[in-house]
Amino acid sequence: MITLRRMTLPILLGAALCQAFAQTKPAGQTKPAPQTRITLEQAGSRTGRDRVPAYEGKDVVVSGQISSRPIWIADAYYVPIQDDAPFGLLLRPEVTQLPGFAPGDWVEAQGIVSKRAGLPILVTRSLRLVRHTAAPAPKVVAPIDLASFRYMGVLVTLESIITGEDKNGGGDLLLIGPRSNELNVFLPRTRRDAGPKLSGFRMGDRIRVTGIASQYCTLPPYDRYFQILIPSPASVAVLERGWAIQPPVLLASL
């Protein structure tokens, strides 16, 4: 019996060591966190008092249809996608991921939800083509429809009156809509001294603008400063010219 126990003990110790070694993961080989597949409505949702993206910092997978060619803003390209609802989202892919994609492509994108000036975006790690169909038609909206989060990232079109124009460090601006609910039409530019610009418009012009519903709000809470992002001046069409001299001024001169 003594001999049997002496022989069994080393065997048991060896088995225990093997089991412990098998359960120990090699250094640097941690299992990656699983990605969460979510809808575009979820990806663009907000939470909290500051209205930050509900999924900010999460590794997610989304799918949608590219609605416009890539738009360069400041230091990166942004690609708008949307679904049939429509709900939308801006992707920020690497430049090397862009070739081969066009409006109408349905894609699957994986990456980290982040924000740019309050707007939810997806910093894209991978972008995969699923299929191609006709590019989506813009959603017809009124200025009041864009004073909320509902159509962020969606290709929209609306008619309104120009109330002013401006510039900032990133591009040209047209102000449209009533003062109580004013919107910016924003054309990003790569250079101030060259390239397409918003010109030839004046206050009072009635225009039709087609672009991506967006937001540029640098400070919390992120619940204001909505805009329409356009890829080129051709996205703005004049429907009716305003008065060269405003009626009150003309009447006063007469």
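Given the structure is predicted, the values throughout are model-derived calculations rather than measurements. (Residues numbered from 1 in each chain as written. Predicted model: local features only at pLDDT ≥ 70, side-chain atom pairs only at ≥ 80, totals over all residues. Heavy atoms only, no water.)

Draft legend 1. Inspection of the overall build of the chain at higher detail. Regarding its fold elements, the chain presents three helices and 16 strands. Split into buried and exposed, the 254 residues of the chain put 39% on the buried side. At a minimum sequence separation of 6, the contacts of the chain that also span at least 24 residues come to 60%. For the chain, the accessible area works out to roughly 14,700 Å², and carbon and sulfur atoms hold 58% of it. (Helix = DSSP H or I, 4+ residues; strand = E, 2+ residues; numbered from the N terminus. Buried < 20%, exposed > 50% of the residue type's maximum accessible area, 1.4 Å probe, protein only. Contact = heavy atoms within 4.5 Å. Areas by Shrake-Rupley, 256 points an atom, 1.4 Å probe, with all protein chains shown as cover.)

Draft legend 2. A look at unusual backbone geometry. With an omega dihedral of 0°, the bond running from Ala-85 to Pro-86 counts as a cis peptide bond. With respect to the helices and strands, the residue Pro-86 is situated in the loop between β6 (76-82) and β7 (88-92). Unlike most non-glycine residues, Tyr-225 shows phi in positive territory, near 60°. One can find Tyr-225 in the loop between β14 (206-215) and β15 (226-229).

Draft legend 3. View of the confidence of the model for the chain. Per-residue pLDDT for the chain averages 86, and the proportion of residues at 70 or more is 82%. The low-confidence segment residues 1-14 (pLDDT under 50) makes zero contacts with residues lying over four places distant or belonging to another chain. (pLDDT = per-residue confidence, 0-100.)

Draft legend 4. Representation of the environment of Gln-82 within the structure. Note that Gln-82 resides in strand β6. Counting along the chain gives 15 residues from Gln-82 to Ser-67, while the straight-line C-alpha distance between them is 6.9 Å. Beyond its immediate stretch of four places on either side in the chain, Gln-82 contacts Leu-40, Gly-64, Gln-65, Ser-67, Phe-87, Gly-88, Trp-106, Pro-136, Gly-153, Val-154 and Leu-155. For Gln-82, the side chain forms a polar contact with the main-chain nitrogen of Leu-155, separated by 3.0 Å. (Polar contact = N/O pair within 3.5 Å; in protein donor to acceptor, adjacent residues only side chain to side chain.)

Draft legend 5. Region of the structure containing the packing of aromatic side chains. Per the counting criterion, the structure on display carries two aromatic pairs. Ring geometry for Trp-72 versus Tyr-77: centroids 4.9 Å apart, planes at 75°, classification edge-to-face. Overall, Trp-72 belongs to the partly exposed group, its relative accessible area being 29%. Arranged with centres 5.9 Å apart and planes meeting at 70°, the rings of Phe-149 and Phe-226 form a pair that is edge-to-face. You can see Phe-149 sitting in the loop between β10 (139-140) and β11 (155-168) and its partner Phe-226 sitting in strand β15, a full 77 residues away along the chain. When the ring centre of Phe-149 is taken as origin, the NZ or CZ atom of Arg-46, which lies over that ring, is 4.0 Å away. (Phe/Tyr/Trp six-rings, centres within 6.5 Å; stacked < 30°, edge-to-face > 60°. Lys NZ or Arg CZ within 6 Å of the ring centre and 35° of its normal.)

Draft legend 6. Quick look at the pattern of salt bridges. Going through the model one piece at a time under the given rule, you end up with 12 salt bridges. A salt bridge links Arg-125 to Asp-59; its shortest N-O distance comes to 3.1 Å. Placement of the pair is Arg-125 in strand β9 (residues 119-132) and Asp-59 in strand β4 (residues 59-66), with a sequence separation of 66 residues. By relative accessible area, Arg-125 is classed as partly exposed at 47%. The closest approach of N and O atoms between Arg-128 and Glu-108, which form a salt bridge, is 3.4 Å. With Arg-128 in strand β9 and Glu-108 in strand β8 (residues 105-116), this pair connects stretches of sequence that are 20 residues apart. Look at the salt bridges and you will find they share partners, linking Arg-37, Glu-108 and Arg-128 into a network. (Salt bridge = Lys/Arg side-chain N within 4 Å of Asp/Glu carboxyl O.)

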